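Read off the chains here:
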Amino acid sequence: PPAWDRAARQPPGFPLAPCRAFSNNKILVELDESSGVATMKLKSPPVNSLSLDLLTEFCISLEKLENDRACRGVILTSAVPKIFSSGLDITEMYGKSPEHYAEFWRAVQEMWLRLYGSNMVTVAAINGSSPAGGCLIALSCDYRIMVENPKFSIGLNEAQLGIVAPFWFKDTFVNVVGHRVAESSLQLGSLHSAPQAHRLGLVDELVPEERLQEKAAAAMAQWLALPDHARQLTKSMMRKAVLDRLVAHREEDLQNFISFISKESIQKSLRMYMEMLKKKK
Amino acid sequence: PPAWDRAARQPPGFPLAPCRAFSNNKILVELDESSGVATMKLKSPPVNSLSLDLLTEFCISLEKLENDRACRGVILTSAVPKIFSSGLDITEMYGKSPEHYAEFWRAVQEMWLRLYGSNMVTVAAINGSSPAGGCLIALSCDYRIMVENPKFSIGLNEAQLGIVAPFWFKDTFVNVVGHRVAESSLQLGSLHSAPQAHRLGLVDELVPEERLQEKAAAAMAQWLALPDHARQLTKSMMRKAVLDRLVAHREEDLQNFISFISKESIQKSLRMYMEMLKKKK
Amino acid sequence: PPAWDRAARQPPGFPLAPCRAFSNNKILVELDESSGVATMKLKSPPVNSLSLDLLTEFCISLEKLENDRACRGVILTSAVPKIFSSGLDITEMYGKSPEHYAEFWRAVQEMWLRLYGSNMVTVAAINGSSPAGGCLIALSCDYRIMVENPKFSIGLNEAQLGIVAPFWFKDTFVNVVGHRVAESSLQLGSLHSAPQAHRLGLVDELVPEERLQEKAAAAMAQWLALPDHARQLTKSMMRKAVLDRLVAHREEDLQNFISFISKESIQKSLRMYMEMLKKKK
């Protein structure tokens, strides 16, 4: 059962996806047992794309920490310079079978359910750009610290690719920045520079690059000063409605994704986007 | 079917009201086919009151543009100096029959359903004061630019007239400024000066009067840079809950309006207000 | 029937709790009949703890004013230096019988239902620190003015005591500060200094201590300039959903409280907290 269900003493909402073979090297996990703080560093060059492999590893790593009594908090950050995560791996959504799309989308859903519903304190230490699914990961944490570099940007820019952020991306976004900013940012597919993102409340704190880890650890210490049980129940109270909404519509959301992504027009958009990315290199 | 229903591929929610005779001269509509941008200029002196005639013309003009493949966006503005729109025409709500109130209110509902649910990009270029229903029109657009003149004000000031903004005015307002600001502004019937409105997020941008059209066109171009389909589905996702709420309670809302406005005490308030306006002239 | 039900012309939601004996000296009530403004001054040294006695007196005093046609608004303030209210009286929640917990919690619920749903204009003149239940009282008013002293703090800090704010504390908080600020403040049990609270929108206005009563009266006059009926219906429209939620789950909320507070671990937390307070003296 996911963490937010356990905290609320509810029956299990969904089982861990059956074990898949996965590469175990896209995320560096370190647990400091003295502080109870783990660091999960995404290391999947060149841009930390959220591939099926990475998502699977993410879920399993997070679940292991969740079940480890020595671990009370997780700092999420990137081991790749200038990028936190570029978001969902487009190659997983292009030219594949419906079965593949289904497997991929289940992994995306599961990643979010586990992270947004985590009982642990989660801090995003955003040391690079963080579009789309990368932004979702940051939005799902309890606290967001970003390097103050104005060249780094963050946002749910799906609309720029001709695709639509799912309702639970939107719900998570609205919970952080409110309805008006979410509405215009989602329609425009806005990528906000770090200073803009700070003004909008999309990130909580800006810091110089060299102080990011120190500041993330300080924020984590502040959150860990609270008794776990009350903090977890409070977090669950704040997030349960939005988590429950995906759990209740998970299969429908999956079918929507498969039929949307399988459309010729969408496949064409994605191909054009990938070709544009190739030319940039 | 209204635009937001078409985008979401749903069965029609309500039919266009049966054709009424209406004056076709209260709104100037121009479509620039090269940019795909139409301008709807309210021109009903002295204050662009939203009369039954104007509302009917508004709905039909908007529907024509909605169905015109050459049109992707609409800029709403005023051809009357110093006023965007003074809101619902009080003479339509005073001393008339229940049948008249019903016809009028249906037109108000329809105007909002079409505008808030429009598939087109909608930009309000607010070149004057915009109380009550005038504010609702602005709130229903995707983006609001206002002339920076502090003498121009905007707000849902219904409470000052002794009447209550309907729940869907309130829902639209909360989506833009959040619950706290909406609650106090609605209770106080606040009219916010342009600079105040900007601070509250009630308008997105302030500009000098002479640059309003240029800046509205620039904002429109930014919104039109996005692929229509993804933008429309995103807009629908953000606004559907609030639109559906009126659709589900449309008849009840109508009966509420008729019985409220027919009360002697309310009729008396409106008469006093109209007399005060006459003395001002 | 509570005020918000009367305004909305609905059947009674709940009866006034059967009369209990209560000390009638913890709240000073003065009504200025010329202005229609009452002042309720909490005077229960040393820290205005919300004991069963004080809550009972609060409900009865508020109900009397609510039913007094001469009274249109209430200013809530403290007669104790440096403290508005320290929140729920911990001694009512420690080492008592389930029957006592039930009686106490019903009084807390009733206080909030009456205050948040009051037909009168309610202004909190916050002249000292205001943690937990003290903050709830302030949040339930229409307008919050606080002395600008940065040593005074306000917030729902329940998590710091190892307890969890009930859902209707949370709903009231979200309505004022939005989801993001509520989520982190509740998880961290944050007490915000007056200037911070102002920046977050948790209080509407900061004033020098010597001008607090004058400014509270000025704010009240502004709110009373509006016709009562429209203002009351508007307030009810804004708050009804959150009020109804507690009314619908009142018994469940009561049982949750009793079983939570009766836990050995929670009783231990409270004992430790009380011992810490004693040492401070």
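Residues numbered from 1 in each chain as written. Chains lettered and ligands numbered in written order. Predicted model: local features only at pLDDT ≥ 70, side-chain atom pairs only at ≥ 80, totals over all residues. Heavy atoms only, no water.

Naming follows an unreviewed UniProt entry, where chain A appears as Enoyl-CoA delta isomerase 1, mitochondrial of Nipponia nippon. UniProt lists a comment for chain A under the heading Subunit (unreviewed entry), and it reads "Homotrimer." (UniProt positions renumbered as here; feature names shortened; annotations may be inferred.)

Caption draft 1: Representation of the environment of B:Ser193. Residues and elements named next belong to chain B. Along the polypeptide, Ser 193 turns up in strand 11 (residues 192-193). When its relative accessible area of 18% is taken as the criterion, Ser 193 is described as buried. The spatial distance from the C-alpha of Ser 193 to the C-alpha of Ile 154 is 6.5 Å, given a sequence separation of 39 residues. Beyond its immediate sequence surroundings of up to four residues, Ser 193 is in contact with Pro 150, Phe 152 and Ser 153. (Helix = DSSP H or I, 4+ residues; strand = E, 2+ residues; numbered from the N terminus. Buried < 20%, exposed > 50% of the residue type's maximum accessible area, 1.4 Å probe, protein only. Contact = heavy atoms within 4.5 Å.)

Caption draft 2: Highlighting the nonpolar core. Residues and elements named next belong to chain C. Among the nonpolar cores identified, the biggest contains 92 residues, and Phe 58, Leu 76, Trp 112, Ile 154 and Trp 168 are the most heavily contacted of them. Sort the elements by how many residues they give to this core and helix 3 (residues 98-116) lands first, with 11 residues. Setting aside residues up to four positions removed in sequence, Trp 112 forms contacts with Gly 117, Leu 136, Ser 140, Trp 168, Thr 172, Val 242, Leu 243 and Leu 246. (Core = buried A, V, L, I, M, F, W, Y, C linked by side-chain atoms within 4.5 Å.)

Caption draft 3: Structural detail: the interface of chain B and chain C. On the chain C side, the residues contacting the 21 residues of chain B number 21 residues. With both sides pooled, the region where chain B packs onto chain C buries about 1700 Å², and carbon together with sulfur makes up 66% of that total. With its nearest N and O atoms 2.7 Å apart, the salt bridge here joins B:Glu183 to C:Arg239. Elements with a contribution of two residues or more to the side of chain B that touches chain C: helix 5 (167-177) and helix 6 (179-188) of chain B. Counting residues per element, the side of chain B that touches chain C draws most heavily on helix 6 of chain B, which supplies 8 residues. Grouping the amino acids of the side of chain B that touches chain C by side-chain chemistry returns 11 nonpolar, 6 polar and 4 charged. (Buried area = accessible area lost by both parts, 1.4 Å probe. Salt bridge = Lys/Arg side-chain N within 4 Å of Asp/Glu carboxyl O. Nonpolar A, V, L, I, M, F, W, Y, C, P; charged D, E, K, R; others polar.)

Caption draft 4: Summary view of the interface of chain A and chain C. Listed as interface residues are 21 residues of chain A and, on the opposing side, 21 residues of chain C. Here chain A packs against chain C, burying approximately 1700 Å² in sum over the two surfaces, 66% of which is carbon and sulfur. The largest per-residue losses of area from chain A upon contact with chain C belong to A:Leu226, A:Met237 and A:Met238, which jointly make up 35% of the total buried on that side. Applying the counting criterion to the chain A and chain C interface returns 7 residue pairs in polar contact (both at pLDDT 80 or more). Elements that contribute at least two residues to the side of chain A that touches chain C include exactly helix 5 (167-177), helix 8 (212-224) and helix 9 (228-248) of chain A. The element contributing the most residues to the side of chain A that touches chain C is helix 9 of chain A, with 9 residues. Class assignment of the residues belonging to the side of chain A that touches chain C gives a composition of 10 nonpolar, 5 polar and 6 charged. (Polar contact = N/O pair within 3.5 Å; in protein donor to acceptor, adjacent residues only side chain to side chain.)

Caption draft 5: Representation of the relation of the copies chain B and chain C. By a simple turn and slide, chain B fits onto chain C: the slide is 0.0 Å along the axis, the RMSD is 0.0 Å, and the turn is 120°. What the superposition gives is, in effect, a three-fold axis relating one chain to the other. For chain B, the minimum C-alpha distance to the rotation axis belongs to B:Gly178 and amounts to 4.3 Å. (Least-squares fit on C-alpha atoms with pLDDT ≥ 70 in both.)

Caption draft 6: How the structure looks around the state of the cysteines. Residue and element names in this part refer to chain A. Overall, the coordinates contain 0 disulfides over all chains when judged by the stated rule. Not part of a disulfide, Cys 135 finds its nearest cysteine sulfur in Cys 141, a span of 11 Å. Judged by its relative accessible area of 0%, Cys 135 falls in the buried class. (Disulfide = S-S within 2.5 Å.)

Caption draft 7: Just the packing of aromatic side chains, in detail. This structure, assessed with the given rule, holds 18 aromatic pairs over all chains. Geometrically, the ring pair formed by B:Tyr143 and B:Trp223 is tilted, given 6.5 Å between the ring centres and 55° between the ring planes. Taken together, the residues span a long stretch of sequence, with B:Tyr143 in strand 9 (residues 143-147) and B:Trp223 in helix 8 (residues 212-224) at a distance of 80 residues. On the basis of relative accessible area, B:Tyr143 is assigned to the buried category, the value being 18%. Among the aromatic residues, ring-to-ring pairing joins A:Trp105, A:Trp112, A:Tyr116, A:Trp168, A:Phe169 and A:Phe257 into one connected group. (Phe/Tyr/Trp six-rings, centres within 6.5 Å; stacked < 30°, edge-to-face > 60°.)

Caption draft 8: Fine view of the pairing of strand 7 (residues 121-126) of chain C. All names here are of chain C. With 6 of 6 residues buried, strand 7 is to be regarded as a mostly interior element. Burial of strand 7 is two-sided: the residues Val 121, Val 123 and Ala 125 facing one way and the residues Thr 122, Ala 124 and Ile 126 facing the other way are all buried. Alignment of strand 4 (residues 73-78) against strand 7, held across 4 bridges, turns out to be parallel. Each residue of the ladder has a partner; that of Gly 73, found in strand 7, is Val 121. Pairing of strand 7 with strand 9 (residues 143-147) involves 4 bridges; the strand directions are parallel. Along strand 9, the bridge assignment pairs Val 123 with Tyr 143. (Pairing = 2+ DSSP bridges.)

Caption draft 9: Layout of the side chain of A:Glu158. Residue and element names in this part refer to chain A. With respect to the helices and strands, the residue Glu 158 is situated in the loop between strand 10 (153-155) and helix 5. For the buried Glu 158, no salt bridge exists, and the shortest N-O distance to an oppositely charged side chain is 14 Å, to Lys 170. Not counting chain neighbours up to four residues away, the residues in contact with Glu 158 comprise Ala 132, Gly 133, Ile 163, Val 164, Ala 165 and Phe 169. (Lys, Arg positive; Asp, Glu negative; His and termini not counted.)

Caption draft 10: View of the sheet that holds strand 8 (residues 128-131) of chain B. Residues and elements named next belong to chain B. As summarised here, the arrangement of the 4 strands in space is 5-8-10-11, forming an open sheet in which the pairing is mixed. Lying at the two open borders of the sheet, with one neighbouring strand each, are strand 5 (82-83) and strand 11. Across the sheet, helix 4 (residues 132-139) lies against strand 8 and strand 10 (153-155), angled at about 100° from strand 8, the strand it touches most. (Axes fitted to C-alpha atoms, helices over the stretch in contact; angles between N-to-C directions.)

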